[in-house]
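Structural description and commentary
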Amino acid sequence: MFLNLLGRAVYGLMQHKLYSLAGILILTLAYWTHAYLTSPFRKQNIPGPFLGKFTNAYRWYYVMRHTWHRDLMDLHKKYGPLVWIAPNDISVSDPSLRNVIYGFQNHKKDFTFFRKSHSYETGSINQDFSFIFEQDPEKARLGKYYMSHFYSEQGLLNLEENFDKAVNELIEGLDKHHARTGTPCKMVDWAEFFALDLVAQITVDRSAGFCLAGKDVNNAAYGMRVIIKTVGALMPLPWVLSATSRAIRQNLLLRFLINLYRNVLLLPTFTFDTGIADLKTLGEKNPKHLLAKFYNAQSKMREHYPHGNQAEGTTIQVFNLIAGAVGAVPHTQVKLIHELTLHPEILQKVREELATTDNTFHLEDFIRHNGRQNKYPIFESAVREAVRLSPAVAFSLSRKVPPSGCQLHQYHIPPGYNVGMAAYQVNYDEGYFGPDVAQFRPERWLEDHPTEMLEGEKRSMKNYIEAGWLSFGSGGRVCIGRHLAMFMMMKFTAAVVREFDIRVVKQPVEHHTLVTEMLGMEVLLSRKCAVRVGQHDG
Ligand code: HEM
């Protein structure tokens, strides 16, 4: 009887599309209003834009306009350090609250530990361990344990020869395709070509040939952008996770993923079903390189991901590497080159530092180990300043409030709601970083902070900035690729400023979805000295 009535009601609604639409609208509005009226944020008067309190569509709209990173900065200027931006989400900009949310707490303390929020699930596209998107802190800790040593400074130092091979191909490519022809060079494209070549070098000790070809071979970089934009567009919409599964999301992106692996690993027939033998052989041939390490790490993690597949488990680590190296680094790289062209006095100092080490950036002269000194303090500070001002990973690092709840200034956020900080809002906080926060001023990293450390020791500004900024995240889930990102930018920049004079003919434009891209910058390159390609630069 009841089913009969329901069936007739549904049939009736279908007959009357207008009524159906009106019905859906009324139900949605009723749901939003109920959620708003019962929200603990309303009871505490947490400020925020009116529409954002009702619907996730508010934030999504600005994400899709690609301006959300700056819009949210304006919202924080208007409403203060805590903004109610979506029905269940609070955005926090005050760097002094960073440790409350991301602090190194015992991950086993379920009662007080802030896990990555459910929205990260959007980026999970297979059944295996995906470093960036894993929400289970215990599994993420294991992953870090198995993988952090080869992403450490020392681990990467072992692969310096591969960095230099990629640099040589970069210079050869730029010379052939731009300096000699006089055609403008699209900066972000070249930073991506370099990143793709470098990933192939450090993963399987091969040249992937993007810089030599001077183009995005088989649209590999394009595929990476599509994946990042898709995840970025879906992440602010929680209902997407109810409507899709990991398998559906993977299928949506499968073509781009497979294309990436085929072109970077140079395995033209790779598939998840048949690829593990190839990956294993390739790894065994290059035991020092990252593919072998990824294969070993996924084998050790296997018992935690019994539904996964070894080929997916290995390549998802390649994907995480590509997401960081190709998806994030190139945009900060563009910012750095842009700022150096705007500040010739800094560029001159960088060149002077490089002149002390054969005009070449050597990791040995940078990493402070075995009592060695960093010979590039200004250069390093310029890179860090670009990372501060243009933090490519610019989405909210959202965390679920644990059962203990949390106190953020005068507000109490109950368990289950999301709180998150995002790098632009935090890194541009005048109260913490000072009134010149928006200026590119590398020297700030080399100064002392007026306060002192324990036992009267001077506190460096580097220590102070790194305790507040959010460019690489914070706490247990801090970016594992941060040393790699620094080395990539230093190798790329050192080679380009050594070999070329650079004239900007088109300015970059910020474009936000998941990462904040720096699109459109074009430069003219002219050669500074004779070509030296195909040899190690040392
Ligand atoms: C300028 C470049 C980069 C920036 C700004 C950046 C930023 C970040 C940030 C903010 C996080 C924290 C995410 C969170 O808490 O939810 C993160 C995590 C991560 N990054 Fe990067 N990243 C960069 C480059 C790289 C590179 C080159 C790699 C390559 C390995 C990489 C791999 C990762 C991984 C695997 C994680 C997840 C770590 C975890 O959850 O424990 N990143 N990155």
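Residues numbered from 1 in each chain as written. Predicted model: local features only at pLDDT ≥ 70, side-chain atom pairs only at ≥ 80, totals over all residues.

1. Remarks on the overall build of the chain
Note the cut-off: Secondary structure elements are taken from DSSP: a helix is a run of H or I of four residues or more, a strand is a run of E of two residues or more, and numbering for both begins at the N terminus. Values of the radius of gyration come from C-alpha atoms, whereas the globule rule sets the reference at 2.2 Å times the count of residues to the power 0.38. Residue burial here comes from a neighbour count, namely the number of other C-beta atoms, placed from the backbone, that lie within 10 Å of the residue's own C-beta, with 20 or more meaning buried, 12 or fewer meaning exposed, and in between meaning partly exposed. A pair of residues counts as a contact when their C-beta atoms, built from backbone coordinates, are separated by no more than 7 Å.
Broken down by element type, the chain carries 23 helices and 14 strands. Computed over C-alpha atoms, the radius of gyration of the chain comes to 25 Å, within 12% of the 24 Å expected from 2.2 N^0.38 for 538 residues, which places it in the range of a compact globule. Over its C-alpha atoms, taken along the principal directions, the chain stretches across nearly 85 × 60 × 45 Å. Counting the 538 residues in the chain, one finds 45% classified as buried. Within the chain, contacts between residues separated by at least 24 positions form 72% of all contacts whose residues are at least 6 apart in sequence.

2. What about the pairing of strand β2 (residues 89-92)?
Heads up, the rule is: Strands are labelled as partners when DSSP assigns at least two bridges between them.
Burial of the side chains of β2 extends over both faces: Asp89 and Ser91 are buried on one face and Ile90 and Val92 on the other. Here strand β1 (residues 82-86) hands over to β2 after 2 residues, the two strands then running antiparallel side by side.

3. Quick word on the pairing of strand β5 (residues 397-400)
Along β5, one buried face is formed by Leu397 and Arg399 and the opposite face, lined by Ser398 and Lys400, is buried too. By the bridge criterion, 2 bridges tie strand β3 (residues 115-116) to β5 in an arrangement that is antiparallel. Each residue of the ladder has a partner; that of Lys116, found in β5, is Arg399. Bridge count between β5 and strand β8 (residues 418-421): 4 bridges; the pairing is antiparallel. From the neighbouring strand, Leu397 faces β8, where its bridge partner is Met421.

4. As for the sheet that holds β2
Overall, mixed pairing links the 5 strands, which are arranged β1-β2-β8-β5-β3 in an open sheet. The sheet is open, and its two edges are formed by β1 and β3, each paired on a single side. Sheet topology note: the β1/β2 ladder contains 4 bridges and is antiparallel. Bridge pairing in β2 places Ala86 opposite Asp89.

5. Looking at the domain arrangement of the chain
For clarity, the cut-off: Note: domain ranges come from an automatic or database domain assignment. Throughout this entry, Asp, Glu, Lys and Arg are counted as charged residues, while Ala, Val, Leu, Ile, Met, Phe, Trp, Tyr, Cys and Pro are counted as nonpolar. The remaining residues, Gly among them, count as polar.
Structurally, the chain comprises domain 1 (39-123 + 394-476) and domain 2 (137-393 + 479-527). Once you take the C-alpha centre of each, domain 1 and domain 2 turn out to be 26 Å apart. Taken together, the contact pairs 35 residues of domain 1 with 36 residues of domain 2. Those elements that place two or more of their residues in the side of domain 1 that touches domain 2 are α4 (57-64), α5 (68-79) and α20 (423-427). Broken down by element, the side of domain 1 that touches domain 2 gets its largest block of residues, 4 residues, from α4. Grouping the amino acids of the side of domain 1 that touches domain 2 by side-chain chemistry returns 17 nonpolar, 13 polar and 5 charged.

6. Some thoughts on unusual backbone geometry
Phi at Asp205 is positive, roughly 60 degrees, even though this residue is not glycine. By secondary structure assignment, the location of Asp205 is in the loop between α10 (187-204) and α11 (210-213). You can call Asp205 partly exposed: it has 18 C-beta atoms within 10 Å. Here Asn218, not a glycine, exhibits a phi torsion of approximately 55 degrees, which is positive.

7. Comments concerning the packing of helix α12 (residues 220-234) against helix α14 (residues 246-265)
Spelled out, the test is: Where helices are involved, their axes are fitted lines through C-alpha atoms of the stretch in contact, as for all axes, and angles between N-to-C directions lie from 0 to 180°. Should an angle fall under 35 degrees it is called roughly parallel, over 145 degrees roughly antiparallel, and 65 to 115 degrees roughly perpendicular, with every other angle called oblique. Here a crossing is taken to be left-handed if its near helix is turned anticlockwise relative to the far helix by less than a right angle, and right-handed if that turn runs clockwise.
Put simply, α12 and α14 touch, their axes get as near as 9 Å, and they point 140 degrees apart. By the angle between their axes, α12 is oblique relative to α14. The chirality of how α12 crosses α14 is left-handed. Together, Ala220, Gly223, Met224, Val226, Ile227 and Thr230 of α12 and Leu253, Phe256, Asn259, Leu260, Asn263 and Val264 of α14 make up the contact between the two elements. Residue composition of the contact of α12 with α14, by class: 8 nonpolar, 4 polar and no charged.

8. Overview of the site of the ligand
How we decide: Here, nearness is defined through the C-beta atom: a residue counts as near a molecule or strand if that backbone-placed atom lies within 6 Å of it.
Neighbouring residues of the ligand: 27 residues in total, closest Gly324, Val393, Gly473, Cys479 and Gly481. With 7 residues, helix α17 (residues 310-342) is the single largest residue contributor to the shell around the ligand. For the shell around the ligand, the class distribution of residues is 18 nonpolar, 6 polar and 3 charged.

9. Here's the deal with the UniProt feature "binding site: heme" (unreviewed entry) in the chain
As a reminder, the rule being used: UniProt positions are given in the numbering used here, feature names are shortened, and annotations may be inferred rather than shown by experiment.
The residues that UniProt annotates with the feature "binding site: heme" (unreviewed entry) are Cys479. Its place among the elements puts Cys479 in the loop between α22 (461-468) and α23 (482-499). Judged by the 17 C-beta atoms lying within 10 Å of it, Cys479 falls in the partly exposed class. For Cys479, the residues in contact, after removing those within four places along its chain, are Phe472 and Gly473.

10. Considering the sheet that holds strand β11 (residues 500-506)
A sheet is described by the order of its strands in space; here 3 strands give the open sequence β4-β14-β11, paired in antiparallel fashion. Of all strands in the sheet, those bounded by a partner on one side alone are β4 (185-186) and β11. Across 2 bridges, β4 lies against strand β14 (residues 522-527) in antiparallel orientation. Counterpart to Lys186 in the pairing with β14 is Glu522.

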